[in-house]
Amino acid sequence: MSTVYDFEVTDRKGGKVSLKDYEGKVLLIVNTATGCGFTPHYEPLEAMYKDLKDKGFEILDFPCNQFNNQAPGDDEEIHEFCTLKFGTDFPQFKKLEVNGDNADPLFAYLATEKPFEGFNGVKGVAMNAVKKSIDKTYGDKAYIKWNFTKFLIDREGNVVKRFEPTYDMGKLRKEVEEMLG
């Protein structure tokens, strides 16, 4: 059986990083965008990171421009925006694709391990309706459907949960804290 530790990703400077470097930590892997309605998620993500990183928690940020071109700019411009506007300090990697022929293998794996089950919450009702009308792959559960989809990884590298961007950030934090023990 594979784990996230079997994958290698590219940092924003172009260097290769083995996810095995994060072995033994609880991870939250997120595809992000700087011009999205969910971009304010950076604020609670950074607060969670600051509060929990010393307990073995890491957030891995992967910018993606596949959803309405909401992550314009190069890797350094995106990084500068995030650090200046939200004070982000967690690792940010090279912009990538999460769906399609050029999907990064890590995100193809994550989406297969924890398939899409629909958006939740009040915003989710509207997003489900809109996405169904414009997204040919809406019914294909092995796709990432929007920016700020988050995957929770346990200390053994297993994908334990998928959180759509409409999932309550306070509840997400509680689940991370429970996993940290």
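All values reported here derive from a predicted model rather than from experimental measurement. (Residues numbered from 1 in each chain as written. Predicted model: local features only at pLDDT ≥ 70, side-chain atom pairs only at ≥ 80, totals over all residues. Heavy atoms only, no water.)

Caption draft 1: Structural detail: the sheet that holds strand S5 (residues 150-153). Spatially, 4 strands are ordered S4-S3-S5-S6 in an open sheet, and the strand pairing comes out mixed. On the outer flanks of this sheet lie strand S4 (57-63) and strand S6 (159-163), each paired with one strand and no other. Strand-to-strand twist across the sheet, computed as the mean angle between neighbouring axes with direction ignored, equals 20°. Pairing between strand S3 (residues 26-32) and S4: 7 bridges, direction parallel. Opposite Val-26, over in S4, you have Phe-57 as the bridge partner. (Pairing = 2+ DSSP bridges. Helix = DSSP H or I, 4+ residues; strand = E, 2+ residues; numbered from the N terminus. Axes fitted to C-alpha atoms, helices over the stretch in contact; angles between N-to-C directions.)

Caption draft 2: The pairing of S6, seen in detail. When S5 meets S6, the two strands line up antiparallel, connected through 4 bridges. For Lys-150, the partnering residue across the bridge sits in S6 and is Phe-163. Linking S5 to S6, which pair antiparallel, is a turn of 5 residues; within it Gly-157 sits at a positive phi near 90°.

Caption draft 3: Region of the structure containing the nonpolar core. Ranked by size, the top nonpolar core spans 52 residues in total, and within it Val-4, Leu-28, Ile-29, Leu-106 and Leu-110 carry the most contacts. Broken down by secondary-structure element, the contributors of at least two residues to this core are S3, helix H1 (42-52), S4, helix H2 (75-86), helix H3 (105-113), S5, S6 and helix H5 (169-180). (Core = buried A, V, L, I, M, F, W, Y, C linked by side-chain atoms within 4.5 Å. Buried < 20%, exposed > 50% of the residue type's maximum accessible area, 1.4 Å probe, protein only.)

Caption draft 4: Spotlight on the packing of aromatic side chains. By the definition in use, this model includes 10 aromatic pairs. With a centroid separation of 4.8 Å and 55° between ring planes, the pair formed by Phe-163 and Tyr-167 is classed as tilted. Here Phe-163 and Tyr-167 have matching classes, each one buried. Three or more aromatic residues joined by ring pairs form one cluster here, namely Tyr-42, Tyr-49, Phe-81, Phe-86, Phe-90 and Phe-148. (Phe/Tyr/Trp six-rings, centres within 6.5 Å; stacked < 30°, edge-to-face > 60°.)

Caption draft 5: Representation of the packing of H1 against H5 within the structure. Two elements in contact, H1 and H5, have axes whose closest approach is 11 Å; the angle formed by their N-to-C orientations is 20°. One way to sum up the angle between H1 and H5 is to call them roughly parallel. For the pair H1 and H5, the crossing hand works out as right-handed. Contacts from Pro-44, Leu-45, Ala-47, Met-48, Asp-51 and Leu-52 of H1 reach H5 at Met-169, Leu-172, Arg-173, Val-176, Glu-177 and Leu-180. Each residue belonging to the contact of H1 with H5 can be placed in one class, and the counts come to 9 nonpolar, no polar and 3 charged. (Parallel < 35°, antiparallel > 145°, perpendicular 65-115°, else oblique. Left-handed = near helix turned anticlockwise from the far one by under 90°. Contact = heavy atoms within 4.5 Å. Nonpolar A, V, L, I, M, F, W, Y, C, P; charged D, E, K, R; others polar.)

Caption draft 6: Examining H5 more closely. Taking 1.5 Å per residue, 12 residues should reach 16 Å; H5 reaches 17 Å between its end C-alpha atoms and fits that length. Among the residues of H5, those classed as buried are Met-169, Leu-172, Glu-175, Val-176 and Leu-180. Summarising the axial view, the buried residues of H5 lie within an arc of 140°, below the 170-degree limit, and thus occupy one face. Opposite its buried face, H5 presents the exposed residues Lys-171, Lys-174 and Glu-178, each directed more than 90 degrees away. On its buried face, H5 sits against S3, H1, S4, S5 and S6. The N-capping residue of H5, defined by a side-chain oxygen 3.0 Å from the backbone nitrogen of Gly-170, is Asp-168. Gly-181, located one to two residues past H5, shows a positive phi value of around 85°. (Expected span 1.5 Å × (residues − 1). Arc of directions from axis to C-beta. Polar contact = N/O pair within 3.5 Å; in protein donor to acceptor, adjacent residues only side chain to side chain.)

Caption draft 7: H3, seen in detail. Regarding H3, the residues found buried are Leu-106, Phe-107, Tyr-109, Leu-110 and Ala-111. The secondary structure elements touched by the buried residues of H3 are strand S1 (8-10), S3, S4, S5 and S6. Measuring from the side-chain oxygen of the N-cap residue of H3 to the backbone nitrogen of Leu-106 gives 2.9 Å; that N-cap residue is Asp-104.

So far we have only geometry, and geometry alone does not tell us how the molecule works.
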